[in-house]
Each structure stands twice: as structure tokens, then as C-alpha cells.
Amino acid sequence: MQNQPKTMFVNIYHNSQEVAEAFALFLFTWLQGRSRTTIALSGGSTPQALFRHLAEAYGGRIDWQQVHFFWGDERCVPPGHPDSNYGMTKKMLLDRIAIPETNVHRIRGEDDPSGEALRYGKLLHRQLPLRYGQPVFDLIILGMGDDGHTASIFPDQPQLLLAKTTCAVTRHPKSGQLRITLTGPAINNAENVAFLVTGGTKAEKVGAIFHRTSGWQGFPAAHVAPKEGNLYWFLDHAATEEMVKGDLQ
Ligand code: 6PG
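This section reports on the structure supplied with the text. (Residues numbered from 1 in each chain as written. Predicted model: local features only at pLDDT ≥ 70, side-chain atom pairs only at ≥ 80, totals over all residues. Heavy atoms only, no water.)

Brief notes about unusual backbone geometry
With phi around 55°, Tyr132 is a residue other than glycine that occupies positive phi space. Structurally, Tyr132 is set in the loop between strand E5 (130-131) and strand E6 (134-135). We classify Tyr132 as exposed; its relative accessible area is 57%. One non-glycine residue with positive phi stands out, namely Arg212, at about 55°. Within the secondary structure layout, Arg212 lies in the loop between helix H6 (203-211) and strand E11 (230-236). (Helix = DSSP H or I, 4+ residues; strand = E, 2+ residues; numbered from the N terminus. Buried < 20%, exposed > 50% of the residue type's maximum accessible area, 1.4 Å probe, protein only.)

Okay, structure coming up:
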């Protein structure tokens, strides 16, 4: 899989709160004057500070009528479950901004995973422009796990980096929890991809990815490179401890 985005921007901040505030400002600025814009959100804990700050600082200053939210992945649980990425986003952001319900396109974690992966993939093909047979998101926000996974593409499922489908059903390698995820080709078809990665537990993998060392090919996040898009890294100092130790590749 090719590993070069059209352009790459690396931004490093003191801590996770500064990452959240900087990316919220980036998003606010980027959205100014745009018409219908499609954004796929990530889950987990990192985006919670972003969503909270986005609602507090920019909730009344963004034309949410023009923003359509999707998800890069979802846990196969009902929306009210504590693990639900949609449920977390609803609490931290959606319930605090004036976004039309019809602009929020959640993955139905409560439904049969295989059927929902198909349904969501078809929805994306209807809702977004297509290129190379895959939907084109204006922006995909991603996190990275301690093991180098991104979305719900885990190191033991490298085939998803080259899958022909848009969505797939995966299983968390430790918890066994079923997930639905965008595949590598769907992610790498985006106009913009932004990683938000913070904390010392990510430093080893971030260093390996940027230095192309110690098994970097085995980390799915290393294969995110939007071939006709921009790749942004929003990192804090703790996550870049290893990266800043040597020359970048
Ligand atoms: C998910 C995410 C996943 C997440 C990473 C990092 O559903 O969990 O989409 O890819 O971004 O696991 O998670 P943290 O932000 O909690 O470190």
C-alpha cells in the first residue's frame, strides 16, 4: 500500500487540552464559508476534549446546517451503551449544538454487524461523492491505539488496509468486542485526514511510524496516507517523545 499523502502537516502541542483547542480552531476556520461538508468522527477518549471544547467555544459560531457527521468506526453496542462512540459524541457535542438530526449519520451498533456494515457502506455511497469506487469524505478524524490501530483496523487484520469494501466488521483483539470500521481504501480516499494522538502510551508507535523503524509496517495507522489528500497530525509532547529523538523519514 502506498504510504505517501499528497501533503502532510505535523503540529505538536504541550498537552492534550491544547491539541483539542488547536484542532477545534482548525475545524472552525476550515468550515468558514464551506457548503455541505462531510466529516467522519473517531471514538475513544481522545476526541472527548475536542467535542467538549468545540461545543463550548464554537457551538454557536459554526453553521451546523452545512455539516454532516459520520463515524469512522463504531462498537457493536446500542447507542446508550457506555462504549458507544455515537453515544459519547451525542453527550459531549451533538446534544449541545443546533445540528439537524438528518445531518447525523450514526452506525447502528445495535444491529446485526454484517448487515449494518453493508447498510452503512451503501449509505456512504449515496451520501458522498465517489472516486476509485470509494466515498470521498471532506475530512476524517482518526485516533491511534497503543498498538498502532486506527479506526477499528487492528494490527491482526492488515487485509482491511486493502479491502475492496467501504466498511467491514472487525473484532477488538483483546476484548473480542465486535466493531464496524471504514476500510483503508475508504480512509485513504478522503480529501483530508487528521490524526489526534496524545499521551505517552502512543509515543513508541508514533516514533516508529515517523522514523519507519521497529515494525512500523505492522501498525495500521502507518498506512493512512490520503493519496489525493492532506494528512494532518495533531500531537502532544508526550506522544512525540520517541519521534523527536531522531531524523524523520
Ligand atoms: C475507537 C476509535 C479508535 C481510537 C483509538 C484511540 O472506536 O476506539 O475509533 O480508533 O481512536 O483506539 O483511542 P483513545 O483516544 O481512547 O486513546
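Resuming the write-up.
Comments concerning the packing of aromatic side chains
Inspection of every chain in the model, using the stated rule, returns 12 aromatic pairs. Aromatic rings pair up to connect Phe9, Tyr13, Phe23, Phe26, Tyr232 and Phe234 into one cluster. Lying across the ring of Phe28, Arg61 places its NZ or CZ 4.6 Å from the centre. The residue whose ring lies beneath Arg212 is Trp216, and the NZ or CZ to ring-centre distance is 4.0 Å. (Phe/Tyr/Trp six-rings, centres within 6.5 Å; stacked < 30°, edge-to-face > 60°. Lys NZ or Arg CZ within 6 Å of the ring centre and 35° of its normal.)

Description of the site of the ligand
In the vicinity of the ligand lie 15 residues, with Ser45, Thr46, Asp73, Ala151 and Lys202 positioned nearest. Within the side chain of Arg75, an N or O atom sits 2.7 Å from an oxygen atom of the ligand. One of the side-chain nitrogen or oxygen atoms of Lys202 is found 2.7 Å away from an oxygen atom of the ligand. With the chains in place, 88% of the 410 Å² that the ligand exposes on its own is no longer accessible. Across the shell around the ligand, the residue classes tally to 2 nonpolar, 9 polar and 4 charged. (Near = heavy atom within 4 Å. Polar contact = N/O pair within 3.5 Å; in protein donor to acceptor, adjacent residues only side chain to side chain. Areas by Shrake-Rupley, 256 points an atom, 1.4 Å probe, with all protein chains shown as cover. Nonpolar A, V, L, I, M, F, W, Y, C, P; charged D, E, K, R; others polar.)

Thoughts on the sheet that holds strand E4 (residues 73-75)
As summarised here, the arrangement of the 3 strands in space is E4-E9-E8, forming an open sheet in which the pairing is antiparallel. Two strands bound the open sheet, and with one partner strand each, they are E4 and strand E8 (167-171). Between one strand axis and the next, the sheet turns through 20° on average, direction left out of account. Note that E8 and strand E9 (residues 178-182) share 5 bridges and pair antiparallel. Bridging across to E9, Arg171 finds its partner in Leu178. Sheet strands touched by helix H4 (residues 113-127): E8 and E9. Its angle to E8, the strand with the most contacts, is close to 150°. (Pairing = 2+ DSSP bridges. Axes fitted to C-alpha atoms, helices over the stretch in contact; angles between N-to-C directions. Contact = heavy atoms within 4.5 Å.)

Side note on the pairing of strand E10 (residues 192-197)
Counting buried residues in E10 gives 6 out of 6 residues, a clear majority hidden from the surface. Where burial is concerned, the two faces of E10 agree: the one with Asn192, Ala194 and Leu196 and the one with Val193, Phe195 and Val197 are both buried. Strand direction decides the pairing type here: strand E7 (residues 139-142) and E10, joined by 3 bridges, are parallel. From the neighbouring strand, Leu142 faces E10, where its bridge partner is Phe195. As defined by bridge partners, E10 adjoins E11 across 6 bridges and the pair is classed as parallel. Across the sheet, Val197 pairs through a bridge with Leu235, a residue of E11.

Some words on the pattern of salt bridges
One pass over the full model with this rule turns up 12 salt bridges. With its nearest N and O atoms 2.6 Å apart, the salt bridge here joins Glu116 to Arg119. Of this pair, Glu116 and Arg119 both sit in helix H4, 3 residues apart, which is roughly one turn of that helix. Put simply, Arg106, Arg108, Glu110 and Asp111 are held in one network by salt bridges that share partners. (Salt bridge = Lys/Arg side-chain N within 4 Å of Asp/Glu carboxyl O.)

As for the nonpolar core
In this structure, Phe23, Ile39, Phe69, Leu124, Phe137, Ile140 and Ile187 are the most contacted members of the largest nonpolar core, which totals 77 residues. With near-sequence residues (within four places) excluded, Ile187 lies in contact with Ile140, Leu142, Ala151, Ile153, Leu182, Val193 and Val224. (Core = buried A, V, L, I, M, F, W, Y, C linked by side-chain atoms within 4.5 Å.)

Let's talk about the pairing of strand E2 (residues 37-41)
With 5 of its 5 residues buried, E2 lies for the most part within the structure. Alignment of E2 against strand E3 (residues 67-71), held across 5 bridges, turns out to be parallel. Note that in E3 the partner of Thr38 across the bridge is His68. Regarding the hand of the β-α-β motif, the stretch spanning E2, helix H2 (residues 46-58) and E3 is right-handed. (Right-handed = clockwise from strand over helix to strand, strands pointing away.)

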